[in-house]
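Architecture and fold: a report
Chain by chain, the residues:
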Amino acid sequence: MLVKATKEDIEQYMDFAYSLAMDQTKSGYPLCSDGVSTKEEFVEQVWKSFHNDYRDVLLFVIDGAVEGWIQFFYIEQDRYLQTNGFLINRNTEQAFTEFLEYACAHFTGYDLYLGFPKRNASAISFLQKTGCRLIQESYHDIF
């Protein structure tokens, strides 16, 4: 189940979410595991999502246990919706299904953009099965 995060939820699950963000098999873009991004930057981005009218954080809960969260932002005039934190510990397909249902209910007519590293096989597999279109394949190089 997806639940809108409260300030207390963010504080309680921040370290857990960061641990998921550091694992490319359980996270989406932007990557925190690039060796350059810091935990402080991650925390700052999360609080921006929480304190902005056009951003949000949803907890992903299974049987009463938080198994991750999904951060997203939208641009209403452009009908644009993008995740900027898709951090799921287990049951990625369920999280995707619920998020797509949420997006359809709250953002009808928007284009949804998602990004995942190749190591997140469960996310890639789900997206391929649902017929999502790959619009960009890139390398994440740091110099």
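Everything below is about the structure shown above.
Below you will find a few notes about this structure.

About the criteria used
Residues numbered from 1 in each chain as written. Predicted model: local features only at pLDDT ≥ 70, side-chain atom pairs only at ≥ 80, totals over all residues. Heavy atoms only, no water. Helix = DSSP H or I, 4+ residues; strand = E, 2+ residues; numbered from the N terminus. Expected span 1.5 Å × (residues − 1). Buried < 20%, exposed > 50% of the residue type's maximum accessible area, 1.4 Å probe, protein only. Arc of directions from axis to C-beta. Pairing = 2+ DSSP bridges. Axes fitted to C-alpha atoms, helices over the stretch in contact; angles between N-to-C directions. Contact = heavy atoms within 4.5 Å. Salt bridge = Lys/Arg side-chain N within 4 Å of Asp/Glu carboxyl O. Parallel < 35°, antiparallel > 145°, perpendicular 65-115°, else oblique. Left-handed = near helix turned anticlockwise from the far one by under 90°.

Structural notes on helix H2 (residues 39-50)
- The end-to-end C-alpha separation of H2 is 17 Å, in line with the 16 Å expected for 12 residues at 1.5 Å each.
- Every buried residue of H2 is accounted for by Phe42, Val46 and Ser49. Along the long axis of H2, the arc covered by the buried residues comes to 60°, so they all point the same way.

Some remarks on the sheet that holds strand E1 (residues 2-4)
- The 5 strands are arranged E1-E2-E3-E4-E5 in an open sheet whose pairing can be described as mixed. The open sheet is flanked by E1 and strand E5 (111-113), the only strands paired with a single partner. Across the sheet, the axes of successive neighbouring strands diverge by a mean angle of 30°, strand direction being ignored.
- The sheet contacts of H2 involve strand E2 (55-62), strand E3 (65-75) and strand E4 (80-88), and relative to E2 the element is tilted by about 100°.

Looking at the pattern of salt bridges
- For the structure on display, the rule yields 6 salt bridges.
- Close ionic contact of Arg90 with Glu67 constitutes a salt bridge, the shortest N to O distance being 3.1 Å. With a gap of 23 residues between them, Arg90 in the loop between E4 and helix H3 (92-106) and Glu67 in strand E3 connect regions that are remote in the sequence.
- For Glu67, a relative accessible area of 8% translates into the label buried.
- With a closest N to O distance of 2.7 Å, Glu93 and Lys129 form a salt bridge.

Some words on unusual backbone geometry
- Backbone torsion omega between Tyr29 and Pro30 reads 5°, so that peptide bond is classified as cis.
- Turning to its location among the elements, Pro30 is positioned in the loop between helix H1 (7-21) and H2.
- Here the phi dihedral of Asp63 falls at roughly 50°; this positive angle occurs in a residue that is not glycine.
- Within the element layout of this structure, Asp63 appears in the loop between E2 and E3.

Considering H3
- The end-to-end C-alpha separation of H3 is 21 Å, in line with the 21 Å expected for 15 residues at 1.5 Å each.
- All of the buried residues in H3 are Thr92, Ala95, Phe96, Glu98, Phe99 and Ala103.
- Where H3 is buried, its residues meet E1, E2, E3, E4, E5 and helix H4 (121-129).

Considerations on the packing of H1 against H2
- Packing of H1 against H2 brings their axes to within 11 Å, and their N-to-C directions diverge by 135°. The pairing of H1 with H2 is recorded here as oblique in orientation. When the axes of H1 and H2 are compared, the crossing they make is right-handed. On H2, the residues touching Lys7, Ile10, Glu11, Met14, Asp15, Ala17, Tyr18 and Ala21 of H1 are Lys39, Phe42, Val43, Val46, Trp47 and Phe50.

Some details on the environment of Cys32
- By the secondary structure assignment, Cys32 is in the loop between H1 and H2.
- Assessed through its relative accessible area of 11%, Cys32 is described here as buried.
- In this structure, the C-alpha to C-alpha distance between Cys32 and Ala21, residues 11 residues apart in sequence, is 5.8 Å.
- If sequence neighbours within four positions are ignored, Cys32 has contacts with Ala21, Met22, Ser37 and Phe42.

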